[in-house]
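# Chains, contacts and geometry: an overview
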Amino acid sequence: MAARRPLIAGNWKMHGRRAETLALLAALKESLTVEHLHNREVVIAPPFTSLEIATQILAGSSLQLAAQDLHWEPSGAYTGEISAPMLKDLGCSYVLIGHSERRQYCGETDEHVARKVAAARKNGITPIICVGETLEEREKDATLEVIARQVRGALSGQDKTAIASLVVAYEPIWAIGTGRTATPAQAQEVHAAIRATLASLTNQPTAEAVRLLYGGSVKAENIDNLMAQADIDGALVGGASLQADAFARIARFQ
Ligand code: PEP
């Protein structure tokens, strides 16, 4: 089986002006040393307005930067949007795509997600593709079907080589920001199903190479049990990523 490098990503959402970005990143740099990071990747996704200052403060550190979204066109008359070349220019190595809040509040569809994935890839930025079911879908026993549809939709048009280097984050919507985490067994079941969907789109070795993150009320108290699951390769962390101590502990999972 391919060794998958664990990845812990912090999604700051619409939090933090530049001064707060500086303070939080300075604290994280202190708590997460080269020794902690030698066998894992830690990525921070601040708001667009803090990316430039974040690049400056993270220069020379192993912490990496992500954007929270992008537009699929490289430039043009798209007022308010930010393109992949712009993110590359700011030093982003990752970008979140299809977060449930964007699907819910900004009308983002699987087709938009697929176009964004293609744009990120074309510009050498690794997409972290977010998928997840609502509570209603889970209660109707439709979780695996919804997730398979979102994964297939996001990857339409991508070849095997491209798929191997992508990251997929499973974030049950009912667990985001609610304090209610999927149990490790619930998360593992969906992660295994995502890997099976990836294998059906490509082949087993490719599916085994893709990193699958869990997101939804991840905390210092539950990260170790989640990371012990066979198909959980990391976490996408919202609320707890805004507290340096909590996020550093998550990133130092056992
Ligand atoms: C998220 O928004 O990606 C997330 C997982 O949030 P939280 O950790 O706060 O549930």
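This text follows the structure it describes.
Residues numbered from 1 in each chain as written. Predicted model: local features only at pLDDT ≥ 70, side-chain atom pairs only at ≥ 80, totals over all residues. Heavy atoms only, no water.

### Digging into the packing of aromatic side chains
When we look at a pair of aromatic rings, we describe it by the centre distance and by the angle of the planes. Stated precisely, the cut-off is as follows: Pairs were defined over the aromatic rings of Phe, Tyr and Trp, the Trp ring being its six-membered one, requiring ring centres within 6.5 Å. Orientation was assigned from the angle between planes: stacked under 30 degrees, edge-to-face over 60, tilted for the rest. Two conditions define a charge sitting above a ring: the NZ of Lys or the CZ of Arg must be within 6 Å of the ring centre, and it must be within 35 degrees of the ring normal.
Tallied over the full model, the rule gives 1 aromatic pair. Its end group placed over the ring of F253, R40 keeps NZ or CZ at 4.1 Å from the ring centre.

### Focus: the site of the ligand
We count it as follows: What makes a residue near a molecule or strand is one non-hydrogen atom of that residue sitting within 4 Å of it. The definition of a polar contact used here is a pair of N or O atoms within 3.5 Å, where within protein one atom must be able to donate a hydrogen and the other to accept one, and adjacent residues in sequence count solely through side-chain atom pairs. All accessibility values rest on the Shrake-Rupley procedure with a 1.4 Å probe; residue burial counts only the protein chains present in the view. Residue polarity follows a fixed list, in which Ala, Val, Leu, Ile, Met, Phe, Trp, Tyr, Cys and Pro are nonpolar, Asp, Glu, Lys and Arg are charged, and the others, Gly among them, are polar.
Around the ligand, 14 residues are found, and the nearest of them are K13, E171, G177, S217 and G239. Residue G239 places a main-chain N or O atom 2.8 Å away from an oxygen atom belonging to the ligand. Against a free-state accessible area of 300 Å², the protein chains account for coverage of 95% of the ligand. Per-class residue counts for the shell around the ligand are 4 nonpolar, 8 polar and 2 charged.

### Section: the side chain of E108
Note the following rule: Counting from the N terminus, the helices are DSSP H or I runs at least four residues long and the strands are E runs at least two residues long. In what follows, residue pairs with any heavy atoms lying within 4.5 Å of each other are defined as contacts.
Tracing the backbone through its elements, the reader meets E108 in the loop between α5 (100-105) and α6 (110-122). A polar side-chain atom of E108 sits 3.3 Å from the main-chain amide nitrogen of G98. Side-chain polar atoms of E108 contact the side chain of R102, separated by 3.0 Å. Leaving out residues up to four positions away in the same chain, E108 has contacts with D69, G98, R102, R103, V113 and K116.

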